[in-house]
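An overview of the molecular structure
The residues making up each chain are set out below.
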Amino acid sequence: TDPALIRNFCIIAHIDHGKSTLADRMLQITGVVEDRQMRAQYLDRMDIERERGITIKSQAVRIPFTALDDQTYTLDLIDTPGHVDFTYEVSRSLAACEGAVLLVDAAQGIEAQTLANLYMALDNDLTIIPVLNKIDLPAAQPEKYAEEIAGIIGCEPSDVLRVSAKTGEGVEELLNEIVNQIPAPVGEADAPARAMIFDSVYDTYRGVVTYVRVIDGKLSPRERIQMMSTKASHEILEIGVSSPEPTKSQGLGVGEVGYVITGVKDVRQSKVGDTITTLNKPATEMLGGYQEPKPMVFSGLYPIEGTDYPVLRDALEKLQLNDAALAFEPETSAALGFGFRCGFLGLLHLEITRARLEREFNLDLISTAPNVIYRVDMEDGAEHVVTNPSEFPTGKIAAIYEPMVKATVLSPSDHIGQIMELCQERRGELQGMDYLSEDRVEMRYTLPMAEIVFDFFDALKSRTKGYASLDYEPIGELQADLVKVDILLQGEAVDAFSAIVHKEKAYPYGVEMTKKLRELIPRQQFEVPIQAAIGARVIARENIRAIRKDVLSKCYGGDISRKRKLLEKQKEGKKRMKMVGRVEVPQEAFISALSTD
Ligand code: GDP
Ligand code: MG
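Residues numbered from 1 in each chain as written. Chains lettered and ligands numbered in written order. Predicted model: local features only at pLDDT ≥ 70, side-chain atom pairs only at ≥ 80, totals over all residues. Heavy atoms only, no water.

Per an unreviewed UniProt entry, the chain goes by Elongation factor 4 and derives from Nocardiopsis metallicus. The UniProt entry for the chain carries the following text under Catalytic activity (unreviewed entry): "GTP + H2O = GDP + phosphate + H(+)". Under Subcellular location (unreviewed entry), UniProt gives the following word-for-word description of the chain: "Cell membrane". (UniProt positions renumbered as here; feature names shortened; annotations may be inferred.)

**A few points about the overall build of the chain**
Summing up its helical and strand segments, the chain has 14 helices and 32 strands in all. Looking at the chain as a whole, 54% of its 597 residues qualify as buried. Of the accessible surface of the chain, which amounts to about 27300 Å², a share of 48% is contributed by carbon and sulfur atoms. (Helix = DSSP H or I, 4+ residues; strand = E, 2+ residues; numbered from the N terminus. Buried < 20%, exposed > 50% of the residue type's maximum accessible area, 1.4 Å probe, protein only. Areas by Shrake-Rupley, 256 points an atom, 1.4 Å probe, with all protein chains shown as cover.)

**A short note on the sheet that holds strand β7 (residues 194-203)**
Taken in spatial order, the 8 strands of this open sheet run β10-β9-β14-β7-β8-β13-β11-β12, and their pairing is antiparallel. Of all the strands in the sheet, the pair left with one neighbour each is β10 (233-235) and β12 (246-248). The sheet shows a mean angle of 40° between the axes of neighbouring strands, direction not considered. Two strands pair when backbone bridges link them, and strand β9 (residues 224-227) and β10 are joined in this way by 3 bridges, in the antiparallel orientation. Residue pairing across strands places I225 opposite H234, the latter belonging to β10. (Pairing = 2+ DSSP bridges. Axes fitted to C-alpha atoms, helices over the stretch in contact; angles between N-to-C directions.)

**What about helix α8 (residues 347-360)?**
Compared with the 20 Å implied by 1.5 Å per residue over 14 residues, the 19 Å span of α8 between its first and last C-alpha is a close match. Of the residues making up α8, those classed as buried are L348, H349, L350, I352, T353, R356 and L357. One or two residues past the end of α8 sits N362, with phi positive at roughly 55°. (Expected span 1.5 Å × (residues − 1).)

**A few points about the side chain of T408**
Within the secondary structure layout, T408 lies in strand β22 (residues 397-412). Exposure remark for T408: the relative accessible area of 12% places this residue in the buried category.

**Looking at the environment of I304**
Following the sequence through the fold, I304 ends up in the loop between β15 (297-303) and α7 (309-321). Assessed through its relative accessible area of 23%, I304 is described here as partly exposed.

**Some points on the UniProt feature "binding site: GTP" (unreviewed entry) in the chain**
Here the UniProt feature "binding site: GTP" (unreviewed entry) sits at D16, H17, G18, K19, S20, T21, N133, K134, I135 and D136. Topologically, G18 is positioned in the loop between β1 (6-13) and α1 (19-29). With a relative accessible area of 12%, G18 lands in the buried category. Among the structural elements, N133 can be located in strand β5 (residues 127-133). Taking the relative accessible area as the measure of exposure, N133 reaches 2% and is therefore buried. If near-sequence neighbours (up to four positions away) are discounted, N133 is found in contact with H17, G18, L103, V104, D105, A106, V163, S164 and A165. Within the structure, the side chain of N133 is placed 2.9 Å from the backbone oxygen of H17, a separation counted as a polar contact. (Contact = heavy atoms within 4.5 Å. Polar contact = N/O pair within 3.5 Å; in protein donor to acceptor, adjacent residues only side chain to side chain.)

**Focus on the packing of helix α12 (residues 503-520) against helix α14 (residues 587-594)**
α14 packs onto α12 with a crossing angle of 145° between their chain directions and a minimal axis gap of 10 Å. As for how α12 packs across α14, the hand of that crossing is right-handed. For the pair α12 and α14, contact is made by M513, K516, L517 and L520 and by A589, S592 and A593, respectively. Here the contact of α12 with α14 is built from residues that sort into 5 nonpolar, 1 polar and 1 charged. (Left-handed = near helix turned anticlockwise from the far one by under 90°. Nonpolar A, V, L, I, M, F, W, Y, C, P; charged D, E, K, R; others polar.)

**Here's the deal with unusual backbone geometry**
The bulk of non-glycine residues show a negative phi, and the bulk of peptide bonds are trans. The omega angle of the peptide bond from S243 to P244 is -15°, so this bond is cis rather than trans. Inspection of the secondary structure puts P244 in the loop between β11 (238-242) and β12. Its identity is not glycine, yet D125 carries a phi of approximately 60°, on the positive side. A positive phi is found at N362, a non-glycine position, where the angle reads about 55°.

**A look at the nonpolar core**
Counting residues in hydrophobic clusters, the biggest one holds 46 residues, and the most contacted among them are L357, F456 and L460. With 38 residues, the next largest nonpolar core counts A96, C97, L102 and L410 among its residues. (Core = buried A, V, L, I, M, F, W, Y, C linked by side-chain atoms within 4.5 Å.)

**Notes on the sheet that holds strand β4 (residues 99-105)**
Ordered by their spatial adjacency, 6 strands build an open sheet running β2-β3-β1-β4-β5-β6, and the pairing between neighbours is mixed. Since the sheet does not close on itself, it has two edges, and those belong to β2 (60-66) and β6 (161-162), each with one partner. Contacting β1, β2, β3 (72-78) and β4, α1 crosses the sheet at an angle of about 150° to β1.

**Examining the pattern of salt bridges**
Applying the stated criterion to the full structure yields 30 salt bridges. R62 is the partner of D76 in a salt bridge, and the nearest nitrogen-oxygen pair spans 3.4 Å. Of this pair, D76 sits in strand β3 while R62 sits in strand β2, and the two are 14 residues apart along the sequence. Each member of the pair D76 and R62 is classed as buried. R213 is the salt-bridge partner of E98, the closest N and O atoms lying 3.0 Å from each other. In this pair, E98 sits in the loop between α3 (87-95) and β4 while R213 sits in strand β8 (residues 207-216), placing the two residues 115 residues apart along the sequence. By the burial criterion, E98 is buried, and R213 matches it. (Salt bridge = Lys/Arg side-chain N within 4 Å of Asp/Glu carboxyl O.)

**Thoughts on a nonpolar patch on the surface**
A cluster of nonpolar side chains, namely M420, L430, M433 and Y435, defines an oily patch on the protein surface of about 350 Å² accessible area. Among the elements that take part in the nonpolar patch, strand β23 (residues 429-437) stands out by supplying 3 residues, more than any other. Within the secondary structure layout, Y435 lies in strand β23. Using a relative accessible area of 49% as the deciding quantity, one classes Y435 as partly exposed. (Patch = residues over 30% accessible without salt bridge, like charges linked within 9 Å, V, L, I, M, F, W, Y side chains within 5 Å.)

**Points about the packing of α3 against helix α4 (residues 112-123)**
Where α3 contacts α4, the axes come no closer than 10 Å and their chain directions differ by 40°. Taken together, α3 and α4 sit at an angle that is classed as oblique. Considering how the two elements wind past one another, α3 and α4 form a crossing that is right-handed. Here T87, V90, S91 and L94 of α3 come into contact with α4, specifically with N117, M120 and A121. For the contact of α3 with α4, a count of residues per class yields 4 nonpolar, 3 polar and no charged. (Parallel < 35°, antiparallel > 145°, perpendicular 65-115°, else oblique.)

**Concerning α4**
Its 12 residues give α4 an end-to-end C-alpha distance of 17 Å, which sits within 8% of 16 Å, the value for a rise of 1.5 Å per residue. Buried within α4 are the following residues: A112, Q113, T114, L115, N117, L118, M120 and A121. Once α4 finishes, D125 follows within two positions and takes phi at roughly 60°, a positive value.

**A word on the packing of aromatic side chains**
On inspection of all chains with the given rule, the structure shows 4 aromatic pairs. With a centroid separation of 6.4 Å and an interplanar angle of 45°, the aromatic rings of F198 and Y211 are classed as tilted. Separated by 13 residues along the polypeptide, F198 in strand β7 and Y211 in strand β8 bring together distant segments of the chain. With centroids separated by 5.9 Å and ring planes inclined at 55°, the aromatic side chains of Y309 and F338 adopt a geometry described as tilted. Of the two residues, Y309 sits in helix α7 while F338 sits in strand β17 (residues 337-344), which places them 29 residues apart along the sequence. What links up through ring pairs into an aromatic cluster is the set Y309, F328, F338 and F340. Looking at R206, its charged tip hangs above the ring of Y259, at a distance of 5.5 Å from the centre. (Phe/Tyr/Trp six-rings, centres within 6.5 Å; stacked < 30°, edge-to-face > 60°. Lys NZ or Arg CZ within 6 Å of the ring centre and 35° of its normal.)

The structure is reproduced here in structure tokens:
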């Protein structure tokens, strides 16, 4: 394809602002998908994606479009993931494009994540086409939000296009603007090949399908290629484009977007952001911006039925084929048995993974409270990286560091007070504040990541009646006054409940957990103290009083078979008990105590 006739673009939008519907309409108007095959959200394939209305994995689709100048152009729409956990994948999708459609719901205005992605697109020098969607809605306020967007990107309100992805109004005009405004890709056709991987998906039948954007040179079928980050080489078994079903081609040249199949079985061999070159004429320099996926949030996952452990291991291995960011290693907990410590990009990534394990592999799971990574410097010079609070080092600690994020909150200005209060409770520091329009404000905070991963988003939503939106990105680490709080039953620490918290929050955490457990753990034949402690110092205490429970005393000697039945019943009940020292704890108690609500 002549690069002059190619336009590579993506759509930046908040969840529910209509990205999928707009993509559907583009496919329909250009005849890529026939009307009778059209089903809503053609591009959203994953079940969970569809249900939760979010795009997890980006995909690309080729749209041939005959513009007003009667030329037929190749438009490549690269779909971007829509959640804060996947910022890196968004950045690679943007890097594969020359332009972006900024799509904003005309009844809602721009949201924090959209703004963050817009800034990222501007940093990448993308041409931005601002568009208001859903102008068919009675609640639409196109004048107001056109002004807001114009203020943010520095254009005239009249430059903001108005469409209805639902009815199709304005969509053809938008396609023409994409052709007119977004630059054609430029690259060196005779240079050594360089293609950037912007997505990599495992398919049961085809193995890993790698989506690429060719920058320089050409990739051809049967050619041997090399992954520049690892130097691993593979043969191209199939190369082609999604239009939108996979269609083989004779190769991909400068500016083209398509897929490559090499027979690798694991997405970690074909990493997002990596550069592909050819083996016989290799490029010397990788394309910029590559990062190894790095888990930020950790949680222990345990099967409720101990016998499901091998099933859980197989399931995690299968998910990892398609998820380079998922990390896990076996872990044993005195309270919960055998399980895995898993690393995730963020809370949503954790939730999605857990939902898939439960749904696709039919597992019942319990997960420990999520925690971030801490770095601990000891006085003797040793350094520990802690991903599990129960493995927090003992001994003389010189300093503890915790990861920080830069958070952006967009909200109607009447909620400023509540937002400040919340951020203060979460140890946040206000960095700046700007009015986007008369009644909408952007607030920037630095916050400890640990304070965000828990329930920050829910708290923000409930305090702003659902109006505030949030985006955040990691910005390194900071020293903090943190302590490890242990929860002890009869003097024995219950590993699953150990937590690393700020000094000032240690006491409330201890009180809450000991109270909760006193209610959840049944009385035993002896008294059971429940304590919260920092090292050897007890900071909270509750007591479970003893009872004397003798089931056999009711049987008055005589009936042996009845006695046996009772004993068996009691044994059944005990199966679901875990022993912590001498204390019997029903598994239910752990599950309830660990659930966040
Ligand atoms: P996405 O999350 O950005 O992919 O958004 P969707 O395309 O899934 O759209 C979210 C909801 O908005 C769906 O219920 C759509 O039917 C609806 N929607 C999308 N575009 C329009 C539009 O132009 N007008 C109206 N009235 N509804 C729309
Ligand atoms: Mg969608």
